[in-house]
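Here's the letter readout for the chains.
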Amino acid sequence: MSASSNGSKMKINLRVWRQKSRGEPGRLENHVLNDVSPDMSFLEMLDVLNNRLVAQGKEAIAFDHDCREGICGSCSLVIDGKAHGPNLETTTCQLHMRSYHDGASITVEPFRANAFPVVKDLVVDRSAFDRIIAAGGYISVNTGSAPEANSTPVPKPDADLAMDHAACIGCGACVAACPNASAMLFVSAKISHLALLPQGAPEREARVLAMVDAMDREGFGNCTNHYECGAACPKGIPVESIARMNRQFLTASLRSRPSSSKQEDGA
Amino acid sequence: MSTTTTQTLQGSSKLDSKCPGGPMAERWTRHRFDLKLINPANRRKFSVIVVGTGLAGSSAAATLAEMGYRVTALCIHDSPRRAHSIAAQGGINAAKNYPNDGDSVHRLFYDTVKGGDFRARESNVHRLAETSVRIIDQCAAQGVPFAREYGGLLANRSFGGAQVSRTFYARGQTGQQLLLGAYSALMRQVGAGRVKLLPRREMMELVMVDGIARGVIARNLVTGEYERHAADAVLLCTGGYGNVFYLSTNAKACNVTATWRAHRRGAYFANPCFTQIHPTCIPVSGDHQAKLTLMSESLRNDGRVWVPRSKGDRRSAAEIPDGERDYYLERKYPSFGNLVPRDVASRSAKEQTDQGKGVGETGMAVFLDFRDAIMREGESSIRAKYGNLFQMYERITGENPYRVPMRIFPAVHYTMGGLWVDYNLESTIPGLFVLGEANFSDHGANRLGASALMQGLADGYFVIPSTIAAHLAGRKLEGVSTEHPAFAAAEQDARARLDRILSIKGSRTAASIHRELGLIMWNEVGMARHRKGLESAIARVRELRAEFWNNVQVPGDSKDLNQVLEHAGRVADFLEFGELMALDALLREESCGGHFREEHQTPDGEARRDDENFCHAAAFEWRGEGVAPVRHAEPLTFEIVKPSTRSYK
């Protein structure tokens, strides 16, 4: 980490993954930028490169991004082999070029996982996460049927711990970092968030069974305790949540009765 | 340029707000009783398209689906969880009065009408205040992890411009948690097959049949395909237009396209000049900058805003003794101090930098200092309250705000204007409803902190589910299929437009044109506006628009993911919209809320409102390209909160 002082410009050698579409082979493309400011964010550097490409009539490098303040979870690059780059608990959009030295060579690739197919260049399809949430990542409460909010007290430590897990931004860095491309940190974060709150208790077992089932169907791998997910997570989601999920899954599996489907449909 | 003014027709037709009469506190209840009901079995016969899946869109789509309507939701991102509502930090207001500090529905109503500088509709605001309490119940039940007291009950804090503690929050990520709550409700309906969710879709055109909104043309952003979607009603929940300034706190995808396309089809655009400049953002650092980052104004609860007393003082903050600091908000506004509303705080910062007292490299910043709060409460207490914000600041600036004061400057943040809607949230196009930031009305000329999340969710969870019946049950809607010629025509319009952009093959990027537009808007239609500047802005925006259509360069084609083409299409709409915004600012000869005309100020530099001539919402009617719009006025009446000069002294 070398922070250059204000005003100085850096030279950066970029190798960027280009891929026209899902079915076509991709390759790394070299670009040299001579006027990178240390105050630029990593994505602003890509903006500068893209503007140059467009001005030359060439197609810009496609990458997902939106809020540029680390909360929407859109940005998704693997930078020098690390999901979201070198800094701890920092999304790519919050990574600044002052983290690099003049003359650095940087390789930029998309998140790679079977369940996240490449759409184009650095853009991948993470809709598997949405399908997992649709399978059970919610509390079934129709609008208007909620009780008065303070009628359900939540011990502060539980609320705080639930918030630690609810902070997940759904970026998928956990999957990209995992040697098995497992989504267990993402899934267990949602399961923990909801299970730690009394509001989430009634559906606790059904939820863990449905979400784990959906996760498996999407083709994510299993957890073999590398904890790369935790190291890559830009929001510092505690990896203990995976153990919580496994415990809940075990209990729920032992108690689940396939015939107990008398429940009303969940509208 | 003065022709612009004279050419603009003053509309004579009356805009019917459909506000119910009777006692203010009973209006919403009475209105809901008067609205038609649709029995549960019949609801599945009606289909609704929801464009946009932020707080307003997700909450509306989920709730309408729960009720039994068939819903199609279009999402511009890869997932609804990415919508820009997610970036709201500070909190959400509700008149629960848990702290027992004198809050009530009436007080929230009163504060919002006054905070909006008497340019909001009283009936709407009262409904918003009433609804606020149920939003908290709903969100808590969904599992939104609001901050709690040690007894397990919900915590509150006071937030910019309020003297009571009515703001609920989830650390500095309230928008994220509320959005994830609405998203989970939406995904539950998607899982149940009641909502068809179409991600990576952009609405390109509104389709009207017999004068009624009956569908949209969308573009699949991955395949480039144009799609036709027909329905019985269309809801636009597509957010604000702050990115007309290029640099704003908005996410990069935020745009005016959906509302502007609807405007061109007949929906009136109201009060486009009412924009909110947020006082506490991280200052611009260079030309490369793609967006500005907000620092939650909750920071103003503990941080003190100051500049050096003398001009051009380049010493570091630590070297400037207290006696040589000007805590100008505390000096000018002793009763509200650092907590004055956003418009006042922003303008005051500009006043200081205009006088050459700005700090930092560029001189375009003021200090927000936590030294005293840290001495009083200890660093750990400050860290508990604002840890994630301090961390974000340090990441971006490379400075540690526990040691040196933050440097902040105002930035465009929210837009109070939007498509005109009546009390039912219906635009001037029957069957087209507009929710959340995309509409106008509830916030008047200035929005109070922690009120945007409240309004988005009020509209989606509680207002539209009732009021949509007025349209669905009240009008005889023939079945419409996507084979109708109106769909083919609208699709052709959408196609032709993007094809034309691709065919120009000029020498300028859409990004550089957008940046230039933003600079014009910021300089002339930003925090302070005057006649000459606005007239010049209109002329320059027109020239820039011509430059775009003659000289833009968009490589690639429209048959796959082409983010440069998407952006260019949005810039083209901003180039039309920017002119209307400047025109509205030019015609509104008064200062109110976020709209400050230099010609209309008191001797001590405060805004001078003109209730005699401008106590109305201005709603513009599109009349064609190169033709001046018609300006319609909806008079605003204040029965309860009598207009007074806002004073925060």
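Residues numbered from 1 in each chain as written. Chains lettered and ligands numbered in written order. Predicted model: local features only at pLDDT ≥ 70, side-chain atom pairs only at ≥ 80, totals over all residues.

*Asks:* Would you mind going over the overall build of chain A with me for this structure?
*Replies:* Scanning chain A from N- to C-terminus turns up 8 helices and 7 strands. Each of the three principal axes of chain A carries a C-alpha extent, and together these read 65 × 40 × 40 Å. (Helix = DSSP H or I, 4+ residues; strand = E, 2+ residues; numbered from the N terminus.)

*Asks:* Can you help me understand the interface of chain B and chain A in this one?
*Replies:* At the junction of the two partners, chain B supplies 66 residues and chain A supplies 73 residues. The greatest single-element share of the side of chain B that touches chain A, amounting to 9 residues, is contributed by helix H7 (residues 174-191) of chain B. (Contact = placed C-beta atoms within 7 Å.)

*Asks:* Teacher, can you tell me more about the sheet that holds strand S15 (residues 366-369) of chain B here?
*Replies:* Pairing between the strands of a sheet comes from backbone hydrogen bonds, and it takes one of two forms, parallel or antiparallel. Residue and element names in this part refer to chain B. The strand order across the open sheet formed by 5 strands is S12-S16-S15-S13-S14, and the pairing between neighbours is antiparallel. Each edge of the open sheet carries a strand with a single partner, namely strand S12 (275-281) and strand S14 (325-326). Sitting on the sheet, helix H10 (residues 342-354) is in contact with S12, strand S13 (304-308), S15 and strand S16 (406-415), with an inclination near 65° to S12. (Pairing = 2+ DSSP bridges. Axes fitted to C-alpha atoms, helices over the stretch in contact; angles between N-to-C directions.)

*Asks:* Any chance you could explain the environment of Val36 of chain A here in plain terms?
*Replies:* All names here are of chain A. As for its placement among the helices and strands, Val36 is situated in strand S2 (residues 27-36). On a C-alpha basis, the gap between Val36 and Leu14 in space is 12 Å, while along the polypeptide they are 22 residues apart. Setting aside residues no more than four positions away along its own chain, Val36 makes contact with Lys9, Met10, Ile12, Met45 and Met97.

*Asks:* Please explain the domain arrangement of chain B as it appears in this structure.
*Replies:* All names here are of chain B. Domain parsing of chain B yields domain 1 (25-277 + 414-472), domain 2 (280-412) and domain 3 (485-608). Counting residues at the interface gives 6 residues for domain 2, matched by 6 residues for domain 3. At 5 residues, H10 tops the list of elements feeding residues into the side of domain 2 that touches domain 3. Residue classes in the side of domain 2 that touches domain 3 are distributed as 1 nonpolar, 1 polar and 4 charged. (Domains from an automatic or database assignment. Nonpolar A, V, L, I, M, F, W, Y, C, P; charged D, E, K, R; others polar.)

*Asks:* How should I be thinking about the confidence of the model for chain B in this particular structure?
*Replies:* Low pLDDT marks regions whose predicted coordinates should not be analysed in detail. With 98% of its residues at a pLDDT of 70 or more, chain B shows a mean pLDDT of 95. Within the model, pLDDT remains below 50 along residues 1-6 of chain B, and this stretch shows 9 contacts once partners closer than five positions in the same chain are excluded. (pLDDT = per-residue confidence, 0-100.)

*Asks:* Sorry if this is basic, but what is going on with the domain arrangement of chain A here?
*Replies:* Much of the literature gives interface size as the accessible area that the parts lose upon coming together. Residues and elements named next belong to chain A. For chain A, the assigned domains read domain 1 (10-120) and domain 2 (127-255). The C-alpha-based centres of domain 1 and domain 2 are spaced at 29 Å. Domain 1 puts 18 residues into the contact, and the matching count from domain 2 is 17 residues. For the side of domain 1 that touches domain 2, the class distribution of residues is 8 nonpolar, 7 polar and 3 charged.

*Asks:* Help me out: how do you make sense of the environment of Asp103 of chain B in this one?
*Replies:* Residues and elements named next belong to chain B. Note that Asp103 resides in the loop between strand S4 (92-93) and helix H5 (105-115). On the neighbour-count criterion, Asp103 (22 C-beta atoms within 10 Å) is buried. Residues Asp103 and Arg166, 63 residues apart in the sequence, show an inter-C-alpha distance of 7.4 Å. Not counting residues within four places of it along the chain, the set of residues in contact with Asp103 comprises Ala95, Asn97, Leu108, Val164 and Arg166. (Buried ≥ 20, exposed ≤ 12 C-beta atoms within 10 Å, placed from the backbone.)

*Asks:* Help me understand the packing of helix H15 (residues 510-524) of chain B against helix H17 (residues 563-587) of chain B, please; the structure alone is not making it clear to me.
*Replies:* Packed helix pairs are characterised by how far apart their axes lie and by the angle those axes make with each other. Residue and element names in this part refer to chain B. Where H15 meets H17, the axes come as close as 9 Å, and the angle between the chain directions of the two elements is 25°. With respect to H17, the axis of H15 lies roughly parallel. Where H15 crosses over H17, the two elements pack in a sense that is left-handed. Residues Ala510, Ala511, Ile513, His514, Leu517, Met521 and Glu524 of H15 form the contact with H17, whose own contacting residues are Val564, His567, Ala568, Val571, Phe574, Leu575, Gly578 and Ala582. (Parallel < 35°, antiparallel > 145°, perpendicular 65-115°, else oblique. Left-handed = near helix turned anticlockwise from the far one by under 90°.)

*Asks:* Sorry if this is basic, but what is going on with the nonpolar core here?
*Replies:* A general tendency of soluble globular proteins is for nonpolar side chains to be buried together. Ranked by size, the top nonpolar core spans 292 residues in total, and within it Cys174 and Val175 of chain A together with Val51, Val234, Leu235, Leu236 and Leu419 of chain B carry the most contacts. A total of 14 residues in this core trace back to one element, the largest contributor, which is H17 of chain B. Sequence-distant contacts of Leu419 of chain B, that is, excluding residues within four places in its chain, are made with Leu236, Thr259, Ala262, His263, Ala267, Phe269, Ala270, Ser427, Val434, Ala438, Asn439 and Phe440 of chain B. (Core = buried A, V, L, I, M, F, W, Y, C linked by C-beta atoms within 7 Å.)

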